[in-house]
Amino acid sequence: VLELKEIKKISETVSFNHHNLVKDGLSTYTTHRCFLTDFNLNQLHKRILSTLEYFLGHPMAISNSWINVMGSGAKVNPHIHRNSFYSGAIYPDLEDNSANIIFENNNQIFEADIKSNYIYLFPSNLLHYTEENKSSNRIVLSFNAFKHYE
């Protein structure tokens, strides 16, 4: 999707917050903001929704979305996503040595070998984090979703 390439450009101009979950990195996260709609990334928004529906078997809605930008040494602290059923991440342009996402459940640990332009879906209550990033620039678009009732 062409809009994935736009995320890198947007990340160079957007206003960021220092979020306590992103150590030494930047985030656009706020509870009710949807990065996808704020920047008219409509094709990507539709692609995410169709992927969610395909894998989950019912229509979904995205409640919020944001980007995190991490340089060398940054990391995401362990956390879950509240007020959501499923969460996801897309890495639009990964550099070599970018930190993988790590999931933990009942003391079992799974490290996802992340790749550019893939959508990674997981239950929102699944603990996840990264180790220290070793690339100069790691950008991730993350989102929360819930079942859409018509």
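To be clear, the structure that these remarks concern was listed above.
**A closer look at the pattern of salt bridges**
Right, so step 1: Summed over the entire model, instances satisfying the criterion amount to 5 salt bridges.
Right, so step 2: A salt bridge links K8 to D93, with the shortest nitrogen-to-oxygen separation between them at 3.1 Å. One end of the pair, K8, is in helix α1 (residues 2-11); the other, D93, is in the loop between β3 (86-90) and β4 (101-105), with 85 residues separating them in the sequence.
Right, so step 3: Residue class for D93 comes out partly exposed when judged on its relative accessible area of 36%.

**Some points on the sheet that holds β4**
Right, so step 1: The 3 strands are arranged β5-β4-β7 in an open sheet whose pairing can be described as antiparallel. If you trace the sheet from one side to the other, it starts and ends with β5 (108-112) and β7 (127-130), each paired once. Direction aside, neighbouring strands of the sheet carry axes that sit 25° apart on average.
Right, so step 2: Across 4 bridges, β4 lies against β7 in antiparallel orientation. Note that in β7 the partner of I102 across the bridge is Y129.

**Details of the side chain of S135**
Right, so step 1: Inspection of the secondary structure assignment puts S135 in the loop between β7 and β8 (138-147).
Right, so step 2: Here S135 is in contact with G71, S72, E95, D96, N97 and S98, once residues within four sequence places are set aside.

**Quick notes on the side chain of S11**
Right, so step 1: Within the secondary structure layout, S11 lies in helix α1.
Right, so step 2: S11 sits in the buried class, given a relative accessible area of 12%.
Right, so step 3: At 2.6 Å, the side chain of S11 forms a polar contact with the backbone oxygen of K8.
Right, so step 4: Discounting chain neighbours no more than four positions away, the residues touching S11 are F16, I67, V69 and I139.

**Some points on the environment of Y129**
Right, so step 1: Examined against the element boundaries, Y129 turns out to sit in strand β7.
Right, so step 2: As a C-alpha pair, Y129 and A74 span 55 residues in sequence and 11 Å in three-dimensional space.
Right, so step 3: Sequence-distant contacts of Y129, defined by excluding residues within four places in its chain, comprise V76, N77, P78, N100, I101, I102, E104 and I109.
Right, so step 4: Engagement of the side chain of Y129 in a polar contact is seen with the side chain of E104, the distance being 3.2 Å.

Reading guide: rules and limits
Residues numbered from 1 in each chain as written. Predicted model: local features only at pLDDT ≥ 70, side-chain atom pairs only at ≥ 80, totals over all residues. Heavy atoms only, no water. Salt bridge = Lys/Arg side-chain N within 4 Å of Asp/Glu carboxyl O. Helix = DSSP H or I, 4+ residues; strand = E, 2+ residues; numbered from the N terminus. Buried < 20%, exposed > 50% of the residue type's maximum accessible area, 1.4 Å probe, protein only. Pairing = 2+ DSSP bridges. Axes fitted to C-alpha atoms, helices over the stretch in contact; angles between N-to-C directions. Contact = heavy atoms within 4.5 Å. Polar contact = N/O pair within 3.5 Å; in protein donor to acceptor, adjacent residues only side chain to side chain.

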